[in-house]
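A look at the structure
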Protein chains: 2
Amino acid sequence: MTTDPDATPDEPLPFFRSRWVDVPESIVDVADRGLPLGFRAAGVHAGIKPSGNHDVALLTCDAPDAVSAARFTRSGTAAPPVLVTRETSRLEALRTVVVTSGNANAGTGRDGFAVARQVRSAAAEATGVDEDRVAVAATGVIGVPLPMDVVPRGIAAAAGVLAADGDDDFRQGIETTDLFPKTATVRVALSGGEVTLYAVAKGAGMIQPSFATMLCFIATDAALDPRTADLLLGVTVKRSFDRITVDGQLSTSDTAVLIASGASGVRVVPESEDEQRFGLALDALLRQLALLIVADGEGARRIGRVVVKGPDGPACERVARQIGNSPLVKTALYGGDPNWGRIVQAVGAVLPGPRLTPVGVRIAGVEVCRDGQEVVFDRPALEVLVQGREVDYEVTLGSATDDAGRPAQFANETEVYFSDLGHEYVTLNAEYTT
Amino acid sequence: MTTDPDATPDEPLPFFRSRWVDVPESIVDVADRGLPLGFRAAGVHAGIKPSGNHDVALLTCDAPDAVSAARFTRSGTAAPPVLVTRETSRLEALRTVVVTSGNANAGTGRDGFAVARQVRSAAAEATGVDEDRVAVAATGVIGVPLPMDVVPRGIAAAAGVLAADGDDDFRQGIETTDLFPKTATVRVALSGGEVTLYAVAKGAGMIQPSFATMLCFIATDAALDPRTADLLLGVTVKRSFDRITVDGQLSTSDTAVLIASGASGVRVVPESEDEQRFGLALDALLRQLALLIVADGEGARRIGRVVVKGPDGPACERVARQIGNSPLVKTALYGGDPNWGRIVQAVGAVLPGPRLTPVGVRIAGVEVCRDGQEVVFDRPALEVLVQGREVDYEVTLGSATDDAGRPAQFANETEVYFSDLGHEYVTLNAEYTT
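Definitions and cut-offs
- Here the residue index of a chain counts from 1 through its sequence in written order.
- Labels follow written order: the first chain is A, the first ligand is 1, and so on.
- It should be noted that, the model being predicted, local features are given only for residues of pLDDT at least 70 and side-chain atom pairs only at 80 or more, the latter also being counted only at that level, while totals for whole chains, interfaces and linings use all residues.
- Hydrogen atoms and water are omitted, and side-chain values are computed over all heavy atoms in the structure.
- UniProt positions are given in the numbering used here, feature names are shortened, and annotations may be inferred rather than shown by experiment.
- Secondary structure follows DSSP: runs of H or I at least 4 residues long count as helices, runs of E at least 2 residues long count as strands, and numbering of each begins at the N terminus.
- Throughout, the radius of gyration refers to the C-alpha atoms, and the reference size of a globule is 2.2 Å times the residue count to the power 0.38.
- Only heavy atoms enter the contact rule, under which two residues are in contact if any of them lie within 4.5 Å.
- The method behind every accessible area is Shrake-Rupley, applied with a 1.4 Å probe, and residues are considered shielded solely by the protein chains displayed.
- We score Asp and Glu as negative and Lys and Arg as positive, and we do not count His or the chain ends.
- Taken as the charge centre is NZ of Lys, CZ of Arg, CG of Asp or CD of Glu, depending on the residue.
- Paired strands are those between which DSSP finds at least two bridges.
- Only the contacting stretch of a helix is used when fitting its axis, a line to C-alpha atoms as for every element, and angles between N-to-C directions run 0 to 180 degrees.
- What pLDDT conveys is the predictor's confidence in a given residue, as a value from 0 to 100.
- Orientation categories follow fixed angle ranges, with anything under 35 degrees roughly parallel, anything over 145 roughly antiparallel, 65 to 115 roughly perpendicular, and all other angles oblique.
- What makes a crossing left-handed is the near helix being turned counterclockwise from the far one by less than a right angle; a clockwise turn instead makes it right-handed.
- Three categories are distinguished: nonpolar for Ala, Val, Leu, Ile, Met, Phe, Trp, Tyr, Cys and Pro, charged for Asp, Glu, Lys and Arg, and polar for the others, with Gly belonging to the last.
- The salt bridge definition used is simple: a Lys or Arg side-chain nitrogen within 4 Å of an Asp or Glu carboxyl oxygen.
- A 1.4 Å probe rolled over the protein chains alone gives each residue an accessible area, and that area as a share of the maximum for its type sets the label: buried under 20%, exposed over 50%, partly exposed in between.

As named in an unreviewed UniProt entry, chain A is Arginine biosynthesis bifunctional protein ArgJ, taken from Patulibacter brassicae. The annotation that UniProt attaches to chain A under Subcellular location (unreviewed entry) is "Cytoplasm". Its UniProt record gives chain A a comment under Function (unreviewed entry), which states: "Catalyzes two activities which are involved in the cyclic version of arginine biosynthesis: the synthesis of N-acetylglutamate from glutamate and acetyl-CoA as the acetyl donor, and of ornithine by transacetylation between N(2)-acetylornithine and glutamate."

Here we look at the overall build of chain A
Within chain A, the regular secondary structure consists of eleven helices and 17 strands. Against the 2.2 N^0.38 benchmark of 22 Å for 434 residues, chain A shows a C-alpha radius of gyration of 22 Å, consistent with a compact globule. Sequence separation of at least 24 residues holds for 80% of the intrachain contacts in chain A that already meet a minimum separation of 6. Summed over all atoms, the accessible surface of chain A reaches about 15,900 Å², with 50% contributed by carbon and sulfur. The distance from the centre of the 40 positive side-chain charges to the centre of the 57 negative ones in chain A is 4 Å.

Comments concerning the sheet that holds strand S1 (residues 27-31) of chain A
All names here are of chain A. Pairing is mixed across the open sheet formed by six strands, whose spatial order is S1-S7-S8-S9-S11-S4. Across the chains shown, the open sheet's two edge strands, defined by having one partner strand only, are S1 and strand S4 (67-72). The sheet shows a mean angle of 15° between the axes of neighbouring strands, direction not considered. Alignment of S1 against strand S7 (residues 183-190), held across four bridges, turns out to be antiparallel.

Regarding the confidence of the model for chain A
All names here are of chain A. Taken over all residues, the pLDDT of chain A has a mean of 87, while the share at 70 or more is 91%. For chain A, per-element mean pLDDT is lowest for strand S10 (residues 244-245), which scores 74, and highest for helix H3 (residues 151-160), which scores 98. Note that pLDDT drops below 50 for residues 1-9; the model gives that stretch 14 contacts with residues more than four away or on any other chain. Confidence drops under a pLDDT of 50 for residues 206-212, and excluding neighbours within four residues, the segment shows 37 contacts in the predicted structure.

A closer look at the packing of helix H5 (residues 226-238) of chain B against helix H6 (residues 273-296) of chain B
All names here are of chain B. Contact geometry of H5 with H6 gives a least axis separation of 9 Å together with a crossing angle of 40°. By the angle class used here, H5 and H6 are oblique. Crossing hand, H5 versus H6: right-handed. Packed against H5, whose contacting residues are Thr-228, Leu-231, Leu-232, Leu-233, Thr-236 and Val-237, the element H6 presents Glu-275, Phe-278, Gly-279, Leu-282, Asp-283 and Leu-286 at the interface. When grouped by side-chain class, the residues that make up the contact of H5 with H6 number seven nonpolar, three polar and two charged.

Looking at the sheet that holds strand S13 (residues 359-363) of chain A
Residue and element names in this part refer to chain A. Strand order across the open sheet formed by seven strands is S10-S17-S12-S16-S13-S14-S15, with mixed pairing between neighbours. With partners counted over all chains shown, the strands left at the sheet margins are S10 and strand S15 (373-374), one partner each. Bridge analysis of strand S12 (residues 303-310) against strand S17 (residues 412-419) gives eight bridges, and the strand direction is antiparallel. Residue pairing across strands places Gly-310 opposite Asn-412, the latter belonging to S17. Lying over the sheet, helix H7 (residues 313-325) contacts S10, S12, strand S16 (390-397) and S17, oriented at roughly 15° with respect to S17. Contacting S10, S12, S16 and S17, helix H8 (residues 327-335) runs over the sheet at an angle of about 60° to S17.

Section: the pattern of salt bridges
Throughout the structure, instances matching the rule amount to 44 salt bridges over all chains. Where Asp-62 of chain A meets Arg-40 of chain A, a salt bridge forms, and the shortest distance between an N and an O atom there is 3.0 Å. Of this pair, Asp-62 of chain A sits in the loop between strand S3 (56-61) and S4 while Arg-40 of chain A sits in strand S2 (residues 39-44), and the two are 22 residues apart along the sequence. On the basis of relative accessibility, which here comes to 37%, the residue Asp-62 of chain A falls in the partly exposed class. A salt bridge links Asp-392 of chain B to Arg-305 of chain B; the nearest nitrogen and oxygen atoms lie 3.1 Å apart. In this pair, Asp-392 of chain B is assigned in strand S16 (residues 390-397) and Arg-305 of chain B in strand S12 (residues 303-310), connecting sequence segments 87 residues apart. Exposure remark for Asp-392 of chain B: the relative accessible area of 16% places this residue in the buried category. One salt-bridge network, held together by shared partners, links Arg-19, Arg-287, Arg-305, Asp-392 and Glu-415 of chain A.

Printed below as a string of structure tokens:
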């Protein structure tokens, strides 16, 4: 029912394809693959996925003094791989990541913990690192025991083919039903020379019909302090994967790991300009990956960004989440319908009365509602604007003008990126069974 | 893709059709229509709805000492009719309800307030009651001014045809895209004689493609104290309309009004057995109406009830809402898929770690997960059970057994009723425009 003027299916899209990502000057080159110095990777078919696709993946850093950082799902029913890694691995000194795909080893109770530990041991032995320097991740169906008759053999087989150009196999080994690859390797210019920064992500929302999982692994040959690694990963994850929603559902298995080999010999000094350059590059990389996840999610036709401004930061956050997760707003995005009433409704739901908030709404830059009341706008023109692949929403919580009649300034601002809600979502999630 | 063994489309369904509603012994008769003594109603086409259907409705109580109670949406962007009624009408002494349908007079700012007051004035004059004894309600598209060139004339016309058998016209005048009527009139046996209790509800969720609104009007010829009316309406709304969700979206316009004429001469004495009898009847009536709203919502195929038990009341509430609003759970319900992993995921999302909750899950009475781990169950048999029109979920938050190995007892329990999420929802909300 809609046309997509942005779609150019015949030519490959550049990695940085969203207008919402600023590519910093520190990124001097972008490639669609390539591991940094000091890393090897592999992916093999062990026997989890009926499709025969890769389902065990290994990424390992050869530098004994590798530095790392990690972030995990906040779920209170987190999966055993998350718990084993978070609670018992040295998150600042990880060297190996082992991933099983097609089975999340989640909802598997006490046995699942023992299995996650066995997977970690097998990966430690196969890659020659200490157990507590291994991160375990998994994605796929839940409630089904991980088939330990095939997984350890798969880990050993993957270790046997670890290679400096194994990143493509690794990517395939962490994917489930992703429609396209989500990975890039960028060169970042620092004062001491260039470093390589690689990241790969999989999944999101409904594209795994049985369960939702986001995984992201980042490798660099820059030399980072553990604190710098943790700081940069924390900030950039907050600005990327923490800002997206497909359906408001929190996975049991979300995992992001950054490992720095230092093999380039170029050091990122804390609080230096280099730290900023590197941070901006990592930021752009993770933001674009996050947007690719939203775009892939359950066959999304369009993605939206909502920016919410107001006097109260937590209120802005609640409103942005409510809008990004509102099935009313998401179906309107899918249908190419600039329906601002649904935005106002979502605001009211999370800012309960009796005091009324004078809401302002802009869609694709066009002011449609001011102080809670429709303003005159060119509806046919706006209906064309919302047919693009990326639609902007801006919501202000408070009077449009201050007491002196000047445009109001707001102390707080937040953003959320979200996919639409269409028939593909229902089909994937209702008509497939686990 | 599924069959519905409960469907019997050829014979009319009884009003009390849900296994989740207990019909109390105090209800001695159930009819599909009929106003109590002391009430007249009407509905006419004034010119709001392009379809030509009724779009202005009046309900009035002829007793000068009528007693009432009301409940409204908690939205912080509540519509002008809600605000005018809530802030400036005597909620304990309402005698007239005026409803416009097809236009919610919402998102209409300051002008909308003036219009809501004009509507109230017109209804007061037309029914011969004081302005502050009139409740105004509206449902339909938002952001569009109410057409005041036709509404006052419609109110006058409706007043001219007010009748003791006008309830059917009244019902049509409050409906938007409801697929079937939601109304009943019951006779309740009290110690002093029988009284009549009538209720009508409209809408829910997405059945109005542009906006969601729930309205319910209740009339009785019993004599109630204002406090009793308020207490009973408050408790029964909490157990009915407050427990349902179609899509987790809060309307700007939800309104429930109860008016008691006292015309039967039978008085409900506070804290008497009669109060309990009357309350149970009102409770059954509103619960069944609420379930009809869920069942009507956006062409739902199935409805679910989730009962959550645990040590912490607010946690039970959060979990029940999260499950009832989870698109993963709702699409599984639509697909007839007993996918318990999605339940566990929803629990984890609102009970964030690091402490894990040992979750238990029963679907249609079958235990599928105990202490966070799958238990052996007959999957083909369960797949048949979840094909019915009403599917039960039970979730426990805590170990299945206490320290002595006995089945655990939980201090708190809550329930939420929810519709599924299917293609009809997407079609209604994406492909219709405002």
